[in-house]
Amino acid sequence: MDVVEVADEAQAARVGMAGFPTVLIEGADPFAVPGAAAASVSCRLYRTRDGRTEGAPSVADLRRVLDLAQADEDCDCLPLDAAGRSGRGRLAPVAGGLRAVQQAVLQSFARTGRAPAAADLEQVTCDYGRQPGEILAELASEDFLTLDAQGGIQAAYPFSVTPTVHRLRLADGPEVWAMCAIDALGIPDMLGTDAVITSADPVTGEAVTVTSTGGHMTWQPATAVVFVGQRSSCTGPAAEVACGALNFFAGRGTAGTWAEQHPNYTGAAIGRTRAEALDRSIFAALLELADGMFEYPR
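Rules behind the numbers
Residues numbered from 1 in each chain as written. Predicted model: local features only at pLDDT ≥ 70, side-chain atom pairs only at ≥ 80, totals over all residues. Heavy atoms only, no water. Pairing = 2+ DSSP bridges. Helix = DSSP H or I, 4+ residues; strand = E, 2+ residues; numbered from the N terminus. Buried < 20%, exposed > 50% of the residue type's maximum accessible area, 1.4 Å probe, protein only. Arc of directions from axis to C-beta. Contact = heavy atoms within 4.5 Å.

Some words on the sheet that holds strand β8 (residues 167-170)
Spatial strand order, β5-β6-β7-β9-β8-β10-β11-β12: eight strands in an open sheet with antiparallel pairing. Edge positions in the sheet fall to β5 (146-147) and β12 (216-220), since each has one partner strand and no second. Bridge count between strand β11 (residues 207-213) and β12: five bridges; the pairing is antiparallel. Residue pairing for β12: Val210 is matched across the bridge by Trp219.

Dropping the structure here:
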């Protein structure tokens, strides 16, 4: 390890230092804030997921950016930045009851396999002086979940209300459906539970199964991959822009065939290591508690 003393802002600019401490991955600052000073020798503050400021990134945030960097390594597809939220992540802000309601919705899926009705969330939302429908609408506008025309929950990433090709059987839990392949991989990591994921290659119909046991995932067939991509016109919620492309394939050959058949999507196939790293970077912290622990409601 080399120790370099940074004496002034000119040198800070040369080495990419935006205050102390600065973390660089392949020369890029994963915690860079748009509009902030590009170079500085002053102390640096980091915003936590709970809105507090700290003098260094949290361990969870460091793991997240390292996982995402690994997912993008040597991949010529567009990086999937936390499922389309421009790098802001899938964990809703604490303010206004957004995170409390998001986590209550996710816990309902984990316990029952179903989304809660708005009335079921009143006990959570009353602490914030807001109506459930108001908070759900705000979560939908920020693409944490999707609603139907009546304001009912259609999906709460990674869960889908309606059956999809990506089905999961949770250990000691219900059967649930995921919005896409990356969402399916994210559910057992998010809940900290064992699960069996069953899906199918869209081209051949061949079954793809991922068994998660004790945090280790076994893929069948071993050649299976995930196509990571999005519509060329990439505006709108992830459910519309990306989920149609994020599928399991039995191998790179059929993934390539699908990509040729769907020129309106851009992306590429990634292997299991990058796919698992990507799912962790997006979903592993969604049920994170204030003490850094995780809760899987039984």
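The structure having been displayed, the exposition proceeds.
Details of helix α5 (residues 132-141)
Within α5, the full set of buried residues consists of Pro132, Ile135, Leu136 and Leu139. For α5, the angular spread of buried residues about the axis comes to 100°, placing them on one side. On its buried face, α5 is in contact with α3 (98-112), α4 (122-125), β5 and β6 (153-156). One or two steps after α5, the chain reaches Asp143, where phi turns positive at roughly 65°.

Concerning the pairing of β8
Residues Leu168 and Leu170 line the buried face of β8, whereas the alternating positions Arg167 and Arg169 sit on a face that is not buried. Sheet topology places β8 next to strand β9 (residues 175-178); three bridges connect them, and they run antiparallel. Considered in β9, the bridge of Arg169 is made with Glu175. Between β8 and β9, which pair antiparallel in sequence order, lie four residues; one of them, Asp172, sits at a positive phi of approximately 55°.

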